[in-house]
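Each chain is listed here by its residues.
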Amino acid sequence: MLPRQPYRGPARKLVLAFDVGTTYSAISYCILDPGEVPKIEPVTRYPAQEHSGGNSKIPSILYYDSNGAVRVIGAEARQEHIIEKAQEEGWMKLEWWKLHLRARNLAANHITDDDIPPLPRGKNAVEVLGDFMQYLFRCARSYIEETHPSGSNLWRSLENRIEFVLTHPNGWEGPQQKQIRLAAVLGGLIPSTEDGMARVHLLTEGEASLHYCVANILASDAFSPGQGVVVIDAGGGTLDLSAYSMTLSPTLIEEIAAAECRLQGSVFVTRRAHGLLQERLSGSRFGTPDVIQQMTDVFDSTAKLRFRNPEDPSYIKFGTVRDKDPQRDIRNGQLKLSGQDVAKLFEPSISSIIEAFETQRKAAGTPITFVFFVGGFAASDWMFAKLQAYFQSLGISFSRPDNHCNKAVADGAVSYFIDHLVSSRVSRFAYGTECSVPFNPFDMEHRARQKEGTRVSEQQEFSETFAIRRYNQAACNQVEVGIMSYRGLLAKPDWMDTERNTSKIAEKLTPKRSAEGSTYYAMEIKVILLFGLTELKAMISWEDGVSHQFPVNVASLTCAFPAQEHVGGDCKIPSIICYDPDGTVRAVGAEAMQEYIEEEIDDNGWVKLEWWKLHLRPRTMASSHVTDQDIPALPRNKTAVQVLADFMHYLHQCAKKYIEESQANGADMLRSVEHTTEFVLSHPNGWEGPQQTQIRNAAVMAGLVPDTPEGRSRIYLVTEGEASLHYCLGSGLAADGFQDDEGVIIVDAGGGTIDVSAYHMTTTSSFEEIAPAECRLQGSIFVSRRAKTMLREKLCGSQFGGEDMVSHMAAIFDSTTKQRFGNENDPAYIKFGTIKDKDTSFNIRSGQLKLMGSDVATLFEPSAAAIIEAIEEQCHAATKTISTVFLVGGFAASEWLFIRLQNHLRPLGFGFCRPDSHTAKAVADGAVAFFLDHRVSARVAKFTYGTRCATQFDRNDPQHKLRASMVVPRPSGRTVLPNAFSAILTKGTAVSETKEFSKNFITEVVDRSACDVITTEIVCYRGDSPNPRWTDSEPGMFSTLCNVHADTSKVARTISPRRGYAGLQFYRQEFSIVLMFGLTELQAQLSWKEDVSASRDLVPRCVILMHV
């Protein structure tokens, strides 16, 4: 990781980086505050996004109406109601439009303008880019305003101090860079002034990716000085390769070979797939252009990214379970393709990368030892595997950095502005100007130029003096010089004209006479080239008593799990496991969602297990809307703990593989920490001691740790609420959210539970819980469950009303419609079949079911109401005033839920926002931060904890009188009442981490051997009484959490006998129950006197979660 220094600028400013890609685009930003260390953040939320993991990219798609006006952009363009409206009103869908801007000198014999979707009438590519950047700018503003507390005020303080870093492929040159700057003006990012233009910084995607790798994954001890590194940025349109010599301590990075660019990005794999499908399905009823296009779209979004092995078939899931054509390998709405055929689609792109790498390796004077693979196309496991085999055969380390496809270029672009790591670059071509020279028959070269391949530092100037002659004085008022690039293979090399006003010096010129007697005027100028930055700067210099240099305002030259499919890279996988009939795990996570798994389930009787975590829920939680019968049944002879163990084992394997692939020398690093790894496992606020015990047992069964005291000590448990708090603090939001001794609430809205926790900041680094945590069983899966019931009712009597079709639609609702839904005034769609599937009486058209937005809103309302109720209860119980509410978790991706809560909370005076990457990694990142930072120093007991006991009978106590018939005599002669409850720790008590709660107890026995062991139970009271005294008054409110045993045989032998009633001999033993409650787990211990010193039995330990 790159250590950064605090920002030294005089005032706050915002750095915005746009990575506009052929298929997907991304935004990253950094707020620079004087004296603060800069932190780069991605924009992870855009309108109409559907990925529950949070996504840093959106599709580069626009819709224009017939008048050339932009109607919809990005993920919104993929909404079904937009597609329907576009068809009805004749809108034009624009994809891959960035290729219209490509440099024409790029080798591209496999593509022409006719192969790219045409631009709308009256629109050029620069105007489209301007429209798209304007949209990105609006998204950035909306995200910052929603994500940061007091976001609107923050934006107002920044909007006139924004620096833009705009990236482009390595192969783009002066004309393309000029178009980018013009588009920035058209998009309203900057004014068309010199000051405005100065706020736009252009950068190659290759160098941006290098900055990302250095800033995030390269460790100084992994590099010896001057080692060669190549960064491969595999995007939608281009493959960009950049080579550098790198020393990290101190940082010295220089480009060592000219950057390479190939037009063989992922869109060309999709294009070849379209041709394959046309050929395969010719003559089939599924071979029509519309169905072929639908299949191509599915291949592009799923099959292409999932493809991993040419020995395995690949599937395109395009229709319903009723779509079949066995002769064409179509079954259950899936087309089966040979893995070998799919592999051929990738081969030209893989070959292009290898060819470009070899070109750079030959040109570089430094041996290449590391290659990093980034970009959206790098998400392809097949691409990675093929390239890994190639580079490893050369002895070169090859890896994909963290979030490689999600945000490498956008984050790296911000890093470029902040860190500015590259000190010199290599010119790709020769640059100079055309001129006339005195004829010399012995000299064939008469051009002042910068030679191709020259290494250029950032401050280095290349200049040549020229004489200009004009035949009249007025012609000297303007100087025009053509800056030319020579590529060696082009018949007509490009040039850019520049001109500067030299009228003042022209006035001072004196006429001269030529040898032929004609009059002329002469002046000397210098043409200066500066090439050290990412753009070529050309200047003209002359002397008129003062030296003048004028820059030329012309152009400038220039993050994974198996089977994941999201182009942006996703930090989450589905919690799904497939078992065969023998109970053996066959597929987990995203792999369990691959199309061939459906065949295995049908053919071989596999069981697909979802929502299994709910089997572990405490039965004490309010859950009248769900029973065990509502949750998918576990496989035969499998317990929920065993399923959890299988899943944790898979996660552990994924983590190890990921570290090996994404870190330099990852395998060696893993071996060094194999036996010292600490595991932090999170769980809902409502899980208690039994669930925590199950988690620990599952971790042992999964092989995470050995079943030893040392092994179990490496497991740490934390509630999802507290993990989310640590995440919010780590994301830099605490500064504005925690202030004036006020509290904040963290709402972690997940798949199964809604966890709500309240905290306030006592010092800069310490926080206390200020209300008992809340937990509701109203997560996002219950929205899906209600949707399935609604679909069953709506489609009753339709040809699509069978249970198989209802389940199919419900699954699609869960993965797309639910995430996209944002406005109850707009219809929602479930796209479940082909364009041939229709039933207009049930609102089904072109394979889409249309639902009223108001009906969909009712599916969400119970969950929203549960969150509001929990927030109100926390506000009522909190010991501090609540000022801000943070919404995190997978369910927080729902735009409808966010707006619903925002509309309720903001009128009440609450600040309300979703932190950065809220859905992708809040709990997981926060759990690590819990281990590292340990910020919460006190927590609040949700319930009252104590033990059952007998209490001495008091005939004057009304409650004792009611129980007089239950009096029991003791050996000492005392009379006691059973069923008493002795509270040790009462509900609502704030407990610091080191504070102990204890209470003394005695036991009387006739037989001394009964004193060899003390056994007592820890009991939890869940009722509302502030002083519960009797377990028989509310028997349903008391539950035994665990039993604690202590070996007291040594002290038993020293106890002296006593005489009690009627001279009866008995023994009295005194002990204390001690509860320590400050950590996320409750520890229960027994204490007694032995040889004058107090002893405690620490093992076994009773582990109880304090949050419910």
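In what follows, the structure referred to is the one given above.
Residues numbered from 1 in each chain as written. Predicted model: local features only at pLDDT ≥ 70, side-chain atom pairs only at ≥ 80, totals over all residues. Heavy atoms only, no water.

Draft legend 1. Spatial organisation of the overall build of the protein. Looking only at helices and strands, one finds 26 helices and 53 strands in the protein. Here the protein, with 1108 residues, has 56% of them falling under the buried criterion. By element, 49% of the accessible surface of the protein is carried by carbon and sulfur atoms, the whole surface being about 46700 Å². (Helix = DSSP H or I, 4+ residues; strand = E, 2+ residues; numbered from the N terminus. Buried < 20%, exposed > 50% of the residue type's maximum accessible area, 1.4 Å probe, protein only. Areas by Shrake-Rupley, 256 points an atom, 1.4 Å probe, with all protein chains shown as cover.)

Draft legend 2. Representation of the side chain of Q264 within the structure. When you line up the elements, Q264 lands in the loop between β12 (251-262) and α7 (266-280). Within polar-contact distance, the side chain of Q264 engages the side chain of R272 at 3.2 Å. (Polar contact = N/O pair within 3.5 Å; in protein donor to acceptor, adjacent residues only side chain to side chain.)

Draft legend 3. Representation of the sheet that holds strand β40 (residues 882-888) in the model. Across the sheet, which stays open at both edges, the seven strands sit in the order β41-β40-β34-β35-β36-β42-β46 with mixed pairing between neighbours. Whereas interior strands pair on both sides, the edge strands pair on one side only; in this sheet they are β41 (911-913) and β46 (990-992). Ignoring which end each strand starts from, the neighbouring axes of this sheet average 25° apart. Together, β34 (743-749), β35 (754-763), β36 (766-776) and β40 form the strand contacts of helix α22 (residues 853-877), whose direction differs from that of β36 by roughly 140°. (Pairing = 2+ DSSP bridges. Axes fitted to C-alpha atoms, helices over the stretch in contact; angles between N-to-C directions. Contact = heavy atoms within 4.5 Å.)

Draft legend 4. Quick look at the sheet that holds strand β6 (residues 70-73). Strand order in the open sheet made by the three strands is β6-β5-β7, with antiparallel pairing throughout. Strands with a single pairing partner mark the edges of an open sheet, and in this sheet they are β6 and β7 (92-94). Geometrically, the sheet is characterised by an average inter-axis angle of 25° between neighbouring strands, direction not taken into account. Of the strand pairs in this sheet, strand β5 (residues 62-64) and β7 are connected by three bridges, and their pairing is antiparallel. Looking at β7, one finds that Y63 is bridged to K93. Most of the contacts of helix α2 (residues 125-147) go to β5, to which it runs at about 120°, and overall it touches β5, β6 and β7.

Draft legend 5. A look at the packing of α2 against helix α4 (residues 174-186). Viewed as axis vectors pointing N to C, α2 and α4 meet at an angle of 50°, and their least axial separation amounts to 8 Å. In terms of axis orientation, α2 runs oblique to α4. Of the two elements, α2 crosses α4, and the hand of that crossing is right-handed. In this structure, α2 contributes V126, E127, L129, G130 and M133 to the contact, and α4 contributes Q179, I180, L182, A183, A184 and L186. (Parallel < 35°, antiparallel > 145°, perpendicular 65-115°, else oblique. Left-handed = near helix turned anticlockwise from the far one by under 90°.)

Draft legend 6. Fine view of the pattern of salt bridges. With the rule as written, the count across this model stands at 41 salt bridges. A salt bridge links D381 to R400, with the nearest nitrogen and oxygen atoms 3.1 Å apart. Taken together, the residues span a long stretch of sequence, with D381 in helix α10 (residues 381-393) and R400 in the loop between β17 (397-399) and α11 (404-419) at a distance of 19 residues. Residue D381 is classed as buried on the basis of its relative accessible area, which comes to 15%. Here K942 ties to E774 by a salt bridge, and the two come within 3.3 Å at their closest N and O atoms. Separated by 168 residues along the polypeptide, K942 in the loop between β42 (936-940) and β43 (944-952) and E774 in strand β36 bring together distant segments of the chain. Accessibility assignment for this pair places K942 and E774 in one class, buried. Counted as one network, the salt bridges with shared partners bring together E774, R776, E869, E873 and K942. (Salt bridge = Lys/Arg side-chain N within 4 Å of Asp/Glu carboxyl O.)

Interpretation note: all reported values are geometric properties and have no functional meaning in isolation.
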